[in-house]
Amino acid sequence: MATKRSDLENGPTVTREELIDLLNEDLAREYQAIISYVVYSQVLKGAQYMNIAAELEIHAGQELQHALIIASQIDYLGGMPKVMPKPVKTSEKAEDMLRFDLENENETIRNYRRRVRQCEALGEYAIAEHVRDILVQEQDHQIALATALGVEIPNVTRPDEQ
């Protein structure tokens, strides 16, 4: 039976080569986060957004560290780190930009939770630990964005993970 892409992304069992590909997708998402946080932190206007704008500057630096860690793990596995980010959405509205970031963080958290399971299934426990450390900061970003938007922190856990 052929492996479907959805099985690859959701299931814990992947090959080393597939893990490299998935980590490269994560790396492209980290590049996206760096760009969006840099831009959004500078263009958010209004007194109500000043605290989150300063927070987004910090997030940009953290996302750069995540990208370096993920690139290092891809290299360790024998792969070549990608250089292209996922697309960055922009808007004239501050709330839209924060929502875009929150959506991206939600996706990142879901993917990194899968990545931990996939790394462990391959016996790559050190990579799983690196991803767990990143996951802690990504969840902090999610909380900060949800708080700035005045919304509940999204539950990104799939039903089969509960």
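Look a little higher up for the structure.
Residues numbered from 1 in each chain as written. Predicted model: local features only at pLDDT ≥ 70, side-chain atom pairs only at ≥ 80, totals over all residues. Heavy atoms only, no water.

**Student:** I'd like a description of the packing of helix H3 (residues 50-76) against helix H5 (residues 125-149), backed by residues and values.
**Tutor:** Running from N to C, H3 and H5 point in directions that differ by 160 degrees, and their axes come no closer than 11 Å. Here H5 runs roughly antiparallel to H3, going by the angle between their axes. Considering only the axes of H3 and H5, their crossing is left-handed. Each of Ile-52, Glu-55, Leu-56, His-59, Gln-62, Glu-63, His-66, Ile-69, Ile-70, Gln-73 and Tyr-76 in H3 lies in contact with H5, whose residues at this interface are Ile-127, His-130, Ile-134, Gln-137, Glu-138, His-141, Ala-144, Leu-145 and Ala-148. Of the residues in the contact of H3 with H5, the class split is 10 nonpolar, seven polar and three charged. (Axes fitted to C-alpha atoms, helices over the stretch in contact; angles between N-to-C directions. Helix = DSSP H or I, 4+ residues; strand = E, 2+ residues; numbered from the N terminus. Parallel < 35°, antiparallel > 145°, perpendicular 65-115°, else oblique. Left-handed = near helix turned anticlockwise from the far one by under 90°. Contact = heavy atoms within 4.5 Å. Nonpolar A, V, L, I, M, F, W, Y, C, P; charged D, E, K, R; others polar.)

**Student:** Give a description of the nonpolar core that names residues and reports values.
**Tutor:** Among the nonpolar cores identified, the biggest contains 22 residues, and Leu-19, Leu-23, Leu-27, Ile-70, Ile-74, Leu-77 and Tyr-112 are the most heavily contacted of them. Of the residues forming this core, the biggest block, six residues, is contributed by helix H2 (residues 16-43). Counting residues in each nonpolar core, the second largest holds 18 residues, with Ala-33, Ala-53, Leu-102 and Leu-149 among its members. (Core = buried A, V, L, I, M, F, W, Y, C linked by side-chain atoms within 4.5 Å. Buried < 20%, exposed > 50% of the residue type's maximum accessible area, 1.4 Å probe, protein only.)

**Student:** Hey, could you go over the packing of helix H4 (residues 94-121) against H5 for me, with residue numbers and the actual values?
**Tutor:** Think of two packed helices as two axes; the pair is described by the angle between the axes and how far apart they sit. Orientation of H4 relative to H5, taken along the N-to-C sense of each, is 160 degrees, at an axis distance of 9 Å. In terms of orientation, H4 and H5 fall into the roughly antiparallel class. H5 is crossed by H4, and the crossing has left-handed handedness. Classifying every residue of the contact of H4 with H5 by side-chain character gives 16 nonpolar, five polar and nine charged.

**Student:** Any chance you could break down empty space enclosed by the protein for me, citing the residues and the numbers?
**Tutor:** Using the criterion set out here, one finds one cavity of 30 Å³ or more in the structure. If you go around the largest cavity, the residues you meet are Arg-29, Glu-30, Gln-32, Ala-33, Ser-36, Tyr-37, Glu-63, Asp-101, Asn-104, Glu-105, Thr-108 and Glu-138. Elements that contribute at least two residues to the lining of the largest cavity include exactly H2 and H4. When residues in the lining of the largest cavity are grouped by element, the largest group, six residues, is from H2. A per-class count over the lining of the largest cavity returns two nonpolar, four polar and six charged. (1 Å grid on protein atoms, 1.4 Å probe; cavity = no way out; pocket = protein on both sides within 12 Å on 5 of 7 lines; lining within 4 Å. Points joined across faces, edges and corners; volume = space filled by probe spheres on them.)

**Student:** Help me get a handle on H4, residues and values and all.
**Tutor:** Quick reminder: α-helices carry 3.6 residues per turn. Residues three or four places apart thus point the same way. Compared with an ideal rise of 1.5 Å per residue, which puts 28 residues at 40 Å, H4 spans 41 Å between its outermost C-alpha atoms and is within 8% of the ideal. Gly-123 lies just past H4 and shows a positive phi near 80 degrees. (Expected span 1.5 Å × (residues − 1).)

**Student:** Account for the side chain of Ser-41, with residues named and values stated.
**Tutor:** As for its position among the elements, Ser-41 is in helix H2. A distance of 2.9 Å separates a polar side-chain atom of Ser-41 from the backbone oxygen of Val-38. (Polar contact = N/O pair within 3.5 Å; in protein donor to acceptor, adjacent residues only side chain to side chain.)

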